[in-house]
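# Secondary and tertiary structure notes
So the chains spell out like this:
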Amino acid sequence: MMSEAIGNSLMGRGAAAMLALAAMAALSGCGDSPQDAAAKAISVVGSSTVYPFAKQVAEDFVAANAGVAPPQVASSGTADGIKAFCAGTGATTPDIVNASRRMTRAEFADCAAHGVNEVIEIEIGLDGIVFASATDRGIDIKLTRDNVYRAISQKPFGREQTAKTWADVDPSLPATPIVVYGPPESSGTREALLNLVVQPGCRQNSAMASFEKSDPERFARDCHALRTDSGYSSQGEQDDLIVRRVASNPEAIAIVGYSYLLKNTKSIKPLALDGVLPTPATIADGSYETSRPLYIYVKKANLSVTPGLDTFLAQWAKSWGDNGPLAKIGLVPLPADRQAKAAAAIQNQTALTVAALGAAR
């Protein structure tokens with residue numbers, strides 16, 4: 001089946017990602033012969049959040065272009081995906097990396113250091129980091145950025161983490177064990193969780209907020225690290241596994257992208273954050289506080305190496321609109337002006353600059 005070829009789904013996304021990255025590493029020392037370039041399928045690595053959208057675009061691309069090789073889409077996590085993407089240019093390297101956060105200045109510099117001198121940044125849509133529990137008998141809890149920080153931080157407000165139940169965090173919450181299944185360190189979703197939920201929760205303490213400038217190392221330790229015991233359990237780059245585990249545990253909470261909530265409404269339900277539920281409207285207007293942009297990054301040099309890469313990018317631009325196929329599976333469309341900017345980046349092959357990255361670290 002087409003969907004099995006696209007995305008290596010028979011092996012499972014985690015296994016596929018490892019094999020894909022290992023193969024790229026093994027080939028990185030090989031020369032790019034004309035035969036290599038002619039046989040090359042479009043290669044996409046990166047974010048598990050963007051994965052289902054990239055897979056949908058890949059399927060539509062194959063359906064619309066007879067005879068093209070199915071793009072190879074692997075879910076390897078944003079950080080590991082960018083590392084593979086930045087390792088070099090040519091037919092043996094990824095053409096595109098999916099990212100659930102913006103590329104950092106350090107990653108951009110790493111690309112340049114390995115000869116990836118021109119990268120096209122394309123904002124594809126919006127997502128929300130969702131807190132969810134089992135639809136059947138799952139925990140109902142009033143989450144805030146403050147109590148989430150207190151519950152899953154490694155050192156809340158500089159103190160050792162001792163909370164075992166939600167009532168330990170706040171007596172008004174249920175005396176249910178803290179069991180949170182979420183993304184690993186390689187995930188852009190985890191980085192966004194830290195930036196959009198954990199750090200703001202920490203900053204509510206004025207002393208902690210002051211350390212961000214006066215003592216960055218302490219701020220990182222107390223405001224940017226998650227507990228490593230059973231209170232927060234990383235599930236790898238496998239959002240579907242997180243959904244399954246939470247669906248079978250009425251005490252657990254999942255942290256996943258909005259699209260995974262949308263396609264699993266029979267097994268998980270959303271929990272409000274600071275009184276707001278995640279919906280396309282609240283994600284689009286920012287009232288749901290974990291709204292974040294999603295990206296793809298394209299290796300400009302590979303546009304002349306990989307057959308059909310420009311057509312594949314055009315397929316993205318056809319797909320991300322308000323009534324497009326990606327909105328139907330959970331991508332929240334960008335405002336019209338940002339959609340136009342993204343389409344222009346594809347049309348003009350606009351290379352990203354350090355200045356454009358701004359404050360991204």
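Here we come to the confidence of the model for the protein. Per-residue confidence for the protein averages 88 on the pLDDT scale, and 88% of its residues sit at or above 70. A low-confidence stretch, residues 1-5 stays under pLDDT 50, and its non-local contacts, those more than four residues away or across chains, total eight contacts. Confidence over residues 7-38 falls short of pLDDT 50; this stretch has 45 contacts with residues more than four positions distant or in other chains.

This model, assessed by the stated rule, comprises three aromatic pairs. A centroid spacing of 5.4 Å and a plane angle of 80 degrees characterise the contact between F61 and F312, whose relative ring orientation is edge-to-face. Linking F61 in helix α4 (residues 51-64) with F312 in helix α15 (residues 309-319), this pair joins segments that are 251 residues apart in sequence. Over the ring of F85 we find K299; its NZ or CZ atom is 4.8 Å from the centre of that ring.

What follows concerns empty space enclosed by the protein. Per the counting criterion, the structure on display carries one cavity of 30 Å³ or more. When its volume is computed, the largest cavity comes out at roughly 30 Å³. Forming the boundary of the largest cavity are S48, P183, P184, S187, G236, E237, Q238, D239 and I242.

Along α15, the residues classified as buried are L309, F312, L313, Q315, W316 and S319. All buried residues of α15 lie within an arc of 150 degrees about the axis, which places them on one face of the element.

The next point concerns the state of the cysteines. For the structure on display, the rule yields two disulfides. The disulfide partner of C86 is C111, and the gap between their sulfur atoms is 1.9 Å. For the disulfide bridge between C86 and C111, the dihedral angle about the S-S bond is near -65 degrees, and by the sign convention the bridge is left-handed. Remark: C111 occurs in helix α6 (residues 105-113) and C86 occurs in the loop between α5 (78-85) and β3 (96-99); sequence separation between them is 25 residues. Taking the relative accessible area as the measure of exposure, C86 reaches 0% and is therefore buried. Between the sulfur atoms of C202 and its disulfide partner C223 the distance amounts to 1.9 Å. Note that C202 is positioned in helix α9 (residues 188-203) and C223 in helix α11 (residues 216-223), a separation of 21 residues in sequence. Note on C202: relative accessible area 0%, which makes it buried. When the cysteines of the protein that form disulfides are numbered from the N-terminus onward, they connect as 1-2, 3-4.

So, about the nonpolar core. In this structure, F131, L143, I152, W166, L193 and I253 are the most contacted members of the largest nonpolar core, which totals 51 residues. In this structure, W166 is in contact with I139, I141, L143, N147, A151, L173, P174, T176, P177, I178, V180 and I253, ignoring residues within four places of it in sequence. Formed by 29 residues, the second largest nonpolar core is a distinct cluster that contains V73, L309, L326 and A345.

As a further point, take the packing of α9 against helix α10 (residues 206-214). Look at α9 against α10: their axes get within 6 Å of each other, and the N-to-C directions meet at 115 degrees. Here α9 is positioned roughly perpendicular relative to α10, judged by the angle of their axes. Residue-level inspection shows Q199, C202 and R203 of α9 in contact with α10, the latter providing S206, M208, A209 and E212. In terms of residue class, the contact of α9 with α10 is made up of three nonpolar, two polar and two charged.

Moving on, we come to the pattern of salt bridges. Scanning the entire structure with this criterion turns up 16 salt bridges. Measuring nitrogen to oxygen at the nearest pair gives 2.7 Å for the salt bridge that ties E107 to R101. An identical accessibility class is assigned to E107 and R101; each is buried. Through salt bridges with shared partners, a single ionic network connects R145, D274 and E289.

Quick notes on the rules
Residues numbered from 1 in each chain as written. Predicted model: local features only at pLDDT ≥ 70, side-chain atom pairs only at ≥ 80, totals over all residues. Heavy atoms only, no water. pLDDT = per-residue confidence, 0-100. Contact = heavy atoms within 4.5 Å. Phe/Tyr/Trp six-rings, centres within 6.5 Å; stacked < 30°, edge-to-face > 60°. Helix = DSSP H or I, 4+ residues; strand = E, 2+ residues; numbered from the N terminus. Lys NZ or Arg CZ within 6 Å of the ring centre and 35° of its normal. 1 Å grid on protein atoms, 1.4 Å probe; cavity = no way out; pocket = protein on both sides within 12 Å on 5 of 7 lines; lining within 4 Å. Points joined across faces, edges and corners; volume = space filled by probe spheres on them. Buried < 20%, exposed > 50% of the residue type's maximum accessible area, 1.4 Å probe, protein only. Arc of directions from axis to C-beta. Disulfide = S-S within 2.5 Å. Core = buried A, V, L, I, M, F, W, Y, C linked by side-chain atoms within 4.5 Å. Axes fitted to C-alpha atoms, helices over the stretch in contact; angles between N-to-C directions. Parallel < 35°, antiparallel > 145°, perpendicular 65-115°, else oblique. Nonpolar A, V, L, I, M, F, W, Y, C, P; charged D, E, K, R; others polar. Salt bridge = Lys/Arg side-chain N within 4 Å of Asp/Glu carboxyl O.

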